[in-house]
Amino acid sequence: MLSSNDVGYDNKLNYRKCDVKNKKIKRRCIFTITAIIAVVLSFIVVFLGCWTISSYYKIGGVPVMNYHAVNDINHSSLVVTTSDFRDDMKYLANNGYTSITMDELYNYLVHNESLPDKPVLITFDDGYTDNYTNAFPILKEYHMQATLFMIGDAIGTDRFLSAEQLKEMDANGFHIEAHTYSHKRLTNLDDMTLQADLAKSRTVLESLLQRPIRYLAYPQGFNNELVQQRTKDAGYLMAFTVAPGTVKPGDNLFALNRLSIFEGLDHWWILRLRMHVPEIIRVTWHLRDILKDNGFVFLSQLVPLF
């Protein structure tokens, strides 16, 4: 039978154990909260730093925006509404951006020729008719130039631009370049077919526009070392992917980044995040791809792509 002294001793011992346990829990909580705060503060610092340097192209790189269709009828991630596209151009104009040409970007990357403050290269893929009816007037309204990568065998077909529309656009600041002839995934083509497609794309557009075609956008961005080499062999000077990020001197001229501008729940934020924190966008996309490639499909779907 325990004496009152024994019971008291046991109670004190249990109290001390509980006190030690509580102190450990408290320390862990403090450590966890401190770590979370540190991570959040670090993210904010990086975010603000990226946002700040994005205005200096020699540090943050040149943003190359990528659109597809601009209309209020079709609804998909590749279709930006007319009002959102107008807001995008208004934002660029009001914030001091100057649209540049492919030649200007090339001369900066290769010959170190200066660009205007806050340069931006605006590009479109495929060649939908709404690029002429909707995007073209808005670009002119805000004194913006752009480049359209046109699918060669789509000229004059349903939903795509006609030869006359392409000529008018090219003569008025909406410059036409190549998006291959067939718009097939280039990495799936045999070498002979690949070379023929790249060459025919240039031939068709040069015959139509009566000037050299020097730049290419890969269909869906797919490329590899062979595709890059054959693109160079075909006479192109630069080629673009859809990998997120800006363009800087020293980058591979045949695998240049672009910032895809999608329609989304909040297009206002989509544009600004892509323009001002492209490195964060690039990291999130890369993380998504790593998770997906390693079988963590569910986790990859949780990564925000902005």
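Residues numbered from 1 in each chain as written. Predicted model: local features only at pLDDT ≥ 70, side-chain atom pairs only at ≥ 80, totals over all residues. Heavy atoms only, no water.

A.B. asks: What exactly am I supposed to notice about helix 3 (residues 82-94) here?
C.D. replies: Working note: α-helix, 3.6 residues per turn, so residues spaced by three or four point in the same direction. Taking 1.5 Å per residue as the helical rise, helix 3 with its 13 residues ought to reach 18 Å, and the 18 Å between its terminal C-alpha atoms agrees with that figure. If you check which residues of helix 3 are buried, you get Thr-82, Asp-84, Phe-85, Asp-88, Met-89, Tyr-91 and Leu-92. Backbone geometry just after helix 3 places Gly-96 at a positive phi near 80 degrees. (Helix = DSSP H or I, 4+ residues; strand = E, 2+ residues; numbered from the N terminus. Expected span 1.5 Å × (residues − 1). Buried < 20%, exposed > 50% of the residue type's maximum accessible area, 1.4 Å probe, protein only.)

A.B. asks: Sorry, what's going on with the layout of surface pockets here?
C.D. replies: Any space left empty among the atoms is revealed by the rolling of a water-sized probe across them. If you add up the space inside the largest pocket, you get close to 550 Å³. Considering the residues around the largest pocket, the lining is formed by 22 residues, among which Gln-220, Gly-221, Val-242, Ala-243 and Trp-285 are closest to the centre. Broken down by secondary-structure element, the contributors of at least two residues to the lining of the largest pocket are strand 5 (119-126) and helix 10 (278-293). If you tally residues by element for the lining of the largest pocket, the top one is helix 10, at four residues. When the residues that make up the lining of the largest pocket are grouped by side-chain class, the tally is eight nonpolar, ten polar and four charged. Quantified by volume, the second largest pocket comes out at close to 210 Å³. Lining the second largest pocket are His-68, Ala-69, Asn-71, Ile-73, Asn-74, Ser-76, Leu-78, Val-79, Tyr-128, Thr-129, Asp-130 and Arg-159. A class-by-class count of the residues in the lining of the second largest pocket yields five nonpolar, five polar and two charged. (1 Å grid on protein atoms, 1.4 Å probe; cavity = no way out; pocket = protein on both sides within 12 Å on 5 of 7 lines; lining within 4 Å. Points joined across faces, edges and corners; volume = space filled by probe spheres on them. Nonpolar A, V, L, I, M, F, W, Y, C, P; charged D, E, K, R; others polar.)

A.B. asks: Explanation requested: the pattern of salt bridges in the structure shown.
C.D. replies: For side chains bearing opposite charge, pairing can occur when the charged atoms are close. This structure, assessed with the given rule, holds eight salt bridges. Across the pair Glu-141 and Arg-86 runs a salt bridge, and its minimum N-O distance is 2.4 Å. Of the two residues, Glu-141 sits in helix 5 (residues 130-141) while Arg-86 sits in helix 3, which places them 55 residues apart along the sequence. Arg-86 gets classed as partly exposed once you look at its relative accessible area, which sits at 32%. Residues Asp-233 and Arg-230 are paired through a salt bridge, measuring 2.9 Å at the closest nitrogen-oxygen approach. (Salt bridge = Lys/Arg side-chain N within 4 Å of Asp/Glu carboxyl O.)

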